[in-house]
Amino acid sequence: MDPPGYNCFVDRDRMDAAVQDLGPKELSCTEPQELKQLARQGYWARSYALRGKVYQRLIRDIPCRTVTPDASVYSDIVGKIVGKHSSSSLPLPEFVDNTQVPSYCLNARGEDAVRKILLCIANQFPDVSFCPALPAVVALLLHYSTDEAQCFENACRILACNDPSRKLVDQSFLAFESSCMTFGDLVNKYCQAAHKLMVAVSEDVLQVYADWQRWLFGELPLGHFARVFDVFLVEGYKVLYRVALAILKFFHKVRAGQPLESDSVKQDIRTFVRDIAKTVSPEKLLEKAFAIRLFSRKEIQLLQMANEKALKQKGITVKQKRQFVHLAVHAENFHSEIVSVKEMRDIWSWVPERFALCQPLLLFSSLQHGYSLTRFYFQCEGHEPTLLLIKTTQKEVCGAYLSTDWSERNKFGGKVGFFGTGECFVFRLQPEVQRYEWVVIKHPELTKPVSLEAGGAVLDRGTDADPSGGGGQALYIDGDLNRGRTGHCDTFNNQPLCSENFLIAAVEAWGFQDPDTQ
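Residues numbered from 1 in each chain as written. Predicted model: local features only at pLDDT ≥ 70, side-chain atom pairs only at ≥ 80, totals over all residues. Heavy atoms only, no water.

Student: Which residues make up the pattern of salt bridges, and what values do they have?
Tutor: For the structure on display, the rule yields 13 salt bridges. Close ionic contact of Asp127 with Arg65 constitutes a salt bridge, the shortest N to O distance being 3.3 Å. One end of the pair, Asp127, is in the loop between α5 (108–124) and α6 (134–143); the other, Arg65, is in the loop between α3 (48–60) and α4 (71–82), with 62 residues separating them in the sequence. Judged by relative accessible area, Arg65 falls into the partly exposed class, the value being 33%. A salt bridge links Arg270 to Asp211; its shortest N-O distance comes to 2.7 Å. (Salt bridge = Lys/Arg side-chain N within 4 Å of Asp/Glu carboxyl O. Helix = DSSP H or I, 4+ residues; strand = E, 2+ residues; numbered from the N terminus. Buried < 20%, exposed > 50% of the residue type's maximum accessible area, 1.4 Å probe, protein only.)

Student: Hey, could you go over the pairing of strand β4 (residues 425–430) for me, with residue numbers and the actual values?
Tutor: Across the 6 residues that make up β4, a large majority, 5, are buried. Alignment of β4 against strand β5 (residues 434–437), held across 4 bridges, turns out to be antiparallel. If you follow Phe427 over to β5, its bridge partner there is Arg435. Hairpin remark: β4 followed by β5, antiparallel, with 3 residues in the connecting loop. (Pairing = 2+ DSSP bridges.)

Student: How would you explain the nonpolar core if you had to name every residue and give the values?
Tutor: For soluble globular proteins, nonpolar side chains are generally found buried alongside one another. One finds Trp44, Ile121, Ile158, Trp212 and Phe229 to be the most contacted residues of the largest nonpolar core, which totals 143 residues. Considering each element in turn, this core owes the most residues, 11 residues, to helix α13 (residues 238–255). Beyond its immediate chain neighbours, meaning those up to four positions away, Trp212 contacts Ser179, Cys180, Phe183, Tyr237, Leu240, Tyr241 and Ala244. Formed by 28 residues, the second largest nonpolar core is a distinct cluster that contains Tyr436, Ala474, Leu481 and Cys498. (Core = buried A, V, L, I, M, F, W, Y, C linked by side-chain atoms within 4.5 Å. Contact = heavy atoms within 4.5 Å.)

Student: With reference to specific residues and values, describe the environment of Phe364.
Tutor: Summarising the element assignment, Phe364 is placed in strand β1 (residues 359–365). Sequence-wise, Phe364 and Cys380 are 16 residues apart; in three dimensions their C-alpha atoms are separated by 7.0 Å. Every residue in contact with Phe364, bar those within four places of it in the chain, is listed here: His369, Gly370, Ser372, Arg375, Phe376, Gln379, Cys380, Leu481, Val507, Glu508 and Ala509.

Here is the structure:
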């Protein structure tokens, strides 16, 4: 077989080692479903020439703004922007956020071309204020482009996509940060074992998850990244979440029980991804990614919108440059009779990220407000979500995260059929840490309400007609806040959170306060 005709930007030896050229030269498929299957199977990944043709076709079909810069624009402006200087002497656009340009299998000429293309994109897209993924996208496309102008045009089409249902790359800090928050929410739901490890070994787990795009756009080797990009061009942004979740699952599997190789789990994950070819093939990575029963595209979009709204309420704008927005529980402002700062930070890592931006606000404390359920409701009214903490006389600690206002229960005489949503969870901290989320997250067919009953607060799956629920009670507190009981509950599929019948030493309810309102 004749060697593939690589372009002038590629180092032939490195390319031969990274991507074997064994496959078909043509693609006749036009049906979206068949194209999706071929992308996942790596049909055009085995042919350098075919991958280049497919990229051209898929990117050409992206719906774009009426005026989108094309190859001729690049030819017109590149000389004026770069001039006679070497592009390596010119600073990269601010929107790449100091991201290193990955070389993959590019030669020196190719690396120089990537910088020129990025500078010309910055000239044509003044509205792009934050896009650290772009250097990797341009570098990959250049491997499969006939010249710089074609690569520029393809990158511009990806940026200029105007289909509101087809998000491709984040182009503002607001979009980027809300994507990081959404990824954190997804990890919380779908990678609980890995999340538990992250919480244990990192000071601020949200900062670890804020690195998720770098794993894909920068650390993944070319053979893996190109396979991800193949599917991404066909299926869109959701693929990126899937692959990043799969990376985290593999990292946990490989590293569980081993000491960290550095002082930073963030750095350890980067190293793992860089060397992923030693342990995980591109096929295994995609297989794991698509085995995850992820939220629908619509649900992810709603989650993304909720996270964007939370960021906007904190004053983050589309034009915002990078800033530190993840605010962990502040040690100097936090005091609880039940949990330490570290324990509260652990709990904070479980709540939806749009609320994790907030600071904990003490609403009720039995030591301050007395042991009265009526006072408890009064103090909590109007606040949602809330966090319930209980300490028993045996020094056991457990609780619940509740997404709906407690007053909803009180309106109906202490009895309400539906209380809470799929974001609710129950947990224990002492003697060991364990969280139990709503079973419907893993098994939608088991949808049942989370209910509160008269005489005290109950988290079970009961209804108005059937107070016992038949599914057990995860957590019950009597009307005097003196006694409680816990047991298995179908809603959360939990073990008892502490001794099954317990005496209460202290109860606290915490709300979520926007730091800007303090």
